[in-house]
Amino acid sequence: MEPRFDFNKRPFIVIWETTQACDLACVHCRACAQPLRSSLELSTDEAKRLIDEVAALEAPVFVLPGGDPLKRPDVFELVEYASSHGVRISLTPSATPLLTQEAIHKLKQCGLARLAISLDGPSADIHDAFRRVHGSYDWTLRAVRWAREIGLPVQINTTITRHDLQYLDSMIALLEQLDIVLWSVFFLVPTGRGSTADLISAAEFEQVFEKLYETSQRVKFDIKSTEAQHYRRFLLQRRTEEKRKGGQSLPPMPGTSTADGIGRARGINDGKGFVFISHLGEVFPSGFLPVSAGNIRKQSLKELYRHSPLFVSLRDSQNLKGKCGICEFREICGGSRARAYALTGDVFAEEPCCVWEPKQPITGVGAGTRPVEQTRV
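These numbers were taken from a predicted model, which means no experiment stands behind them.

Novice: Break down the overall build of the chain for me, citing the residues and quoting the values.
Specialist: Scanning the chain for helices and strands turns up twelve helices and ten strands. Residue burial in the chain is summarised as follows: out of 377 residues, 58% are buried. Sequence-distant contacts in the chain: of pairs separated by 6 or more residues, those separated by 24 or more amount to 74%. Of the roughly 15600 Å² of accessible surface on the chain, 50% is carried by carbon and sulfur atoms.

Novice: Now, about the side chain of S292: what can you tell me, with residues and values included?
Specialist: If you trace the backbone, S292 turns up in the loop between β9 (282-284) and β10 (294-295). We classify S292 as buried; its relative accessible area is 18%. Here the side chain of S292 touches E282 through a polar contact of 2.4 Å, side chain to side chain. A polar atom in the side chain of S292 sits 3.2 Å from the backbone nitrogen of G294.

Novice: Got a sec to walk through the environment of C22? Specific residues and values, please.
Specialist: Tracing the sequence through the fold places C22 in the loop between β1 (13-16) and α1 (44-57). Remark: the alpha-carbon pair of C22 and P93, spanning 71 residues in sequence, is separated by 9.2 Å.

Novice: Explain the environment of F205 to me, using residue names and the numbers behind them.
Specialist: One can find F205 in helix α7 (residues 202-216). Placed 23 residues apart in sequence, F205 and A228 show a C-alpha to C-alpha distance of 8.3 Å. Those residues in contact with F205, other than ones at most four positions away along the chain, are F187, L199, I200, E227, A228, H230, R339 and C353.

Novice: Break down the sheet that holds β10 for me, with residues and values.
Specialist: Judged by pairing direction, the sheet is mixed, and its ten strands sit side by side in the order β7-β6-β5-β4-β3-β2-β1-β8-β9-β10 without closing on themselves. Looking at which strands have only one partner, the edges of the open sheet turn out to be β7 (222-226) and β10. Where strand β5 (residues 154-160) meets strand β6 (residues 182-187), six bridges bridge the pair, whose relative direction is parallel. When the sheet's bridge partners are listed, T159 is paired in β6 with F186. Here α7 sits on the sheet and contacts β5, β6 and β7; the angle it forms with β6, its principal contact strand, is near 175°.

Novice: Can you tell me about the packing of aromatic side chains, naming the residues and giving the values?
Specialist: All chains considered together, the criterion is met by 13 aromatic pairs. Ring plane angle 65° and centroid distance 5.7 Å describe the contact between F187 and F209, whose orientation is recorded as edge-to-face. Residue F187 is found in strand β6, and its partner F209 is found in helix α7; the two are separated by 22 residues along the sequence. Between the aromatic rings of Y213 and F234, the centroid separation amounts to 6.4 Å while the plane-to-plane angle is 80°, which identifies the pairing as edge-to-face. Of this pair, Y213 sits in helix α7 while F234 sits in helix α8 (residues 230-244), and the two are 21 residues apart along the sequence. Taking relative accessible area as the criterion, F234 reaches 7% and is therefore assigned buried. Of the aromatic side chains, those joined through ring pairs into one cluster are F187, F205, F209, Y213, Y231 and F234. In this arrangement the basic side chain of K106 is found over the ring face of F76, its NZ or CZ atom lying 4.6 Å from the centre. The ring of Y305 has R315 lying over it, and the distance from NZ or CZ to the ring centre is 4.5 Å.

Novice: Could you give an account of helix α3 (residues 101-109), with specific residues and numbers?
Specialist: Within the sequence span of α3, burial applies to A103, I104 and L107. An end-on view of α3 places all buried positions within 100° of arc, on one side of the element. Opposite the buried face of α3, by more than 90 degrees, sit the exposed residues E102 and Q109. Contacts made by the buried residues of α3 are with α2 (75-84), β3 (89-91), β4 (114-118) and α5 (136-149).

Novice: An account of α5 is requested, with residue identities and associated values reported.
Specialist: Helix length check: α5 (14 residues) gives 20 Å between terminal C-alpha atoms against 20 Å at 1.5 Å per residue, within 8%. The complete set of buried residues in α5 reads S136, Y137, T140, A143, V144, W146 and A147. Where the residues of α5 are buried, they touch α3, β4, α4 (124-131), β5 and α6 (168-175). A positive backbone phi angle near 75° is found at G151, which sits one or two residues after α5.

Novice: Lay out the packing of α1 against α2 in plain terms, naming residues and giving numbers.
Specialist: Following both chains from N to C, one finds α1 and α2 inclined at 25°, their axes separated by 10 Å at the closest point. Overall, the two elements α1 and α2 adopt an arrangement that is roughly parallel. Once α1 is placed against α2, the crossing between them reads as right-handed. Mapping the contact onto sequence places T44, A47, K48, I51 and D52 in α1 and E77, L78, Y81 and A82 in α2.

Novice: Give me the lowdown on the nonpolar core, citing residues and values where you can.
Specialist: By size, the foremost hydrophobic cluster in this structure holds 97 residues, and its most contacted members are W16, F62, I156, L175, W183, F187 and L301. When residues in this core are grouped by element, the largest group, six residues, is from α2. Setting aside its immediate chain neighbours within four residues, W183 contacts I156, T158, L168, M171, I172, L175, L212, F221, D222, I223 and K224. Ranked by size, the runner-up nonpolar core spans five residues in total, among them L236, F329, I332 and C333.

Novice: Can you break down the pairing of β6 residue by residue, with the values?
Specialist: With five of six residues buried, β6 lies mostly within the body of the structure. Between the parallel pair β5 and β6, the chain is carried across by α6, and the sense of this crossover is right-handed. Relative to β7, β6 runs parallel, the two sharing five bridges. Bridging from a neighbouring strand, V185 pairs with S225 of β7.

Reading the values: the criteria
Residues numbered from 1 in each chain as written. Predicted model: local features only at pLDDT ≥ 70, side-chain atom pairs only at ≥ 80, totals over all residues. Heavy atoms only, no water. Helix = DSSP H or I, 4+ residues; strand = E, 2+ residues; numbered from the N terminus. Buried < 20%, exposed > 50% of the residue type's maximum accessible area, 1.4 Å probe, protein only. Contact = heavy atoms within 4.5 Å. Areas by Shrake-Rupley, 256 points an atom, 1.4 Å probe, with all protein chains shown as cover. Polar contact = N/O pair within 3.5 Å; in protein donor to acceptor, adjacent residues only side chain to side chain. Pairing = 2+ DSSP bridges. Axes fitted to C-alpha atoms, helices over the stretch in contact; angles between N-to-C directions. Phe/Tyr/Trp six-rings, centres within 6.5 Å; stacked < 30°, edge-to-face > 60°. Lys NZ or Arg CZ within 6 Å of the ring centre and 35° of its normal. Arc of directions from axis to C-beta. Expected span 1.5 Å × (residues − 1). Parallel < 35°, antiparallel > 145°, perpendicular 65-115°, else oblique. Left-handed = near helix turned anticlockwise from the far one by under 90°. Core = buried A, V, L, I, M, F, W, Y, C linked by side-chain atoms within 4.5 Å. Right-handed = clockwise from strand over helix to strand, strands pointing away.

Given below as structure tokens:
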């Protein structure tokens, strides 16, 4: 289960928050998005320098979320620049009137590799209540259809919270009707507008894992979890159980999509194969983990990712505390560092939403004796 991608040298996924401007007001918004762009955002030239760094690092996946990236007039220019420099680029626009059929066509012409769009309910009432804008659901489905009509791969992002947990079966049924390549299932981290009251329990995590496992065996699209690293532990246990019973049809491990080459990214975690750059240039281990390692306006992305104390310490499983520190699955899982920080203030604390009890007792191993300086921003 050792990763086939050296996370110490380069990230597998780079996320750049293009802007925090957005015309939606989603309940769970990590960024606390607002209507207007900040004058302090990375400029077009700074964005291109960032793309050059991503290209030099040879990061396989580069994603432009927001806010809403379509709020930036230069977004088409940046997509084309990235594509022409060998960077595989995905975009996560908001489902608003800015996401027109013409915009989707232009993005594909500029070299966009994938359109990722959020869908957080199986009906307009549920989704629009979550997004707090009437019509967002219908706009989302139109955007999916427009993209598929021109052969642009579509990824659906869904955030699991108390708000939509009860609709999971209906959600899956809807997704089976859409021609998508990936369902990325986000598990809430209570940061930004996200509330701990909306966080599902550890037992409910397992129930969702079971549903994802079952679904993965029959649907045509891949399923990926975000901020639920322990889904890998769950699936490995189930695969082992099936193998013991002589089962022949096993779902792939999370992160084994041949289309994206994600099979090389086993064990990815916040700061470990993953890096997030804010609209202001701040470099974080994750968009859900507000601890800054520095700013690309002052240091290179490569330097911050490879050598900052924060990132180096996050890639060392010996720093994990509690049951994560002695868990037999810590190298492929490691727990959500973002959720641990959100609920405890400690990036190395054990995953708060995991039911698994390691086979060996906690006796000082994994005590996390090498703390890193943390700065909340």
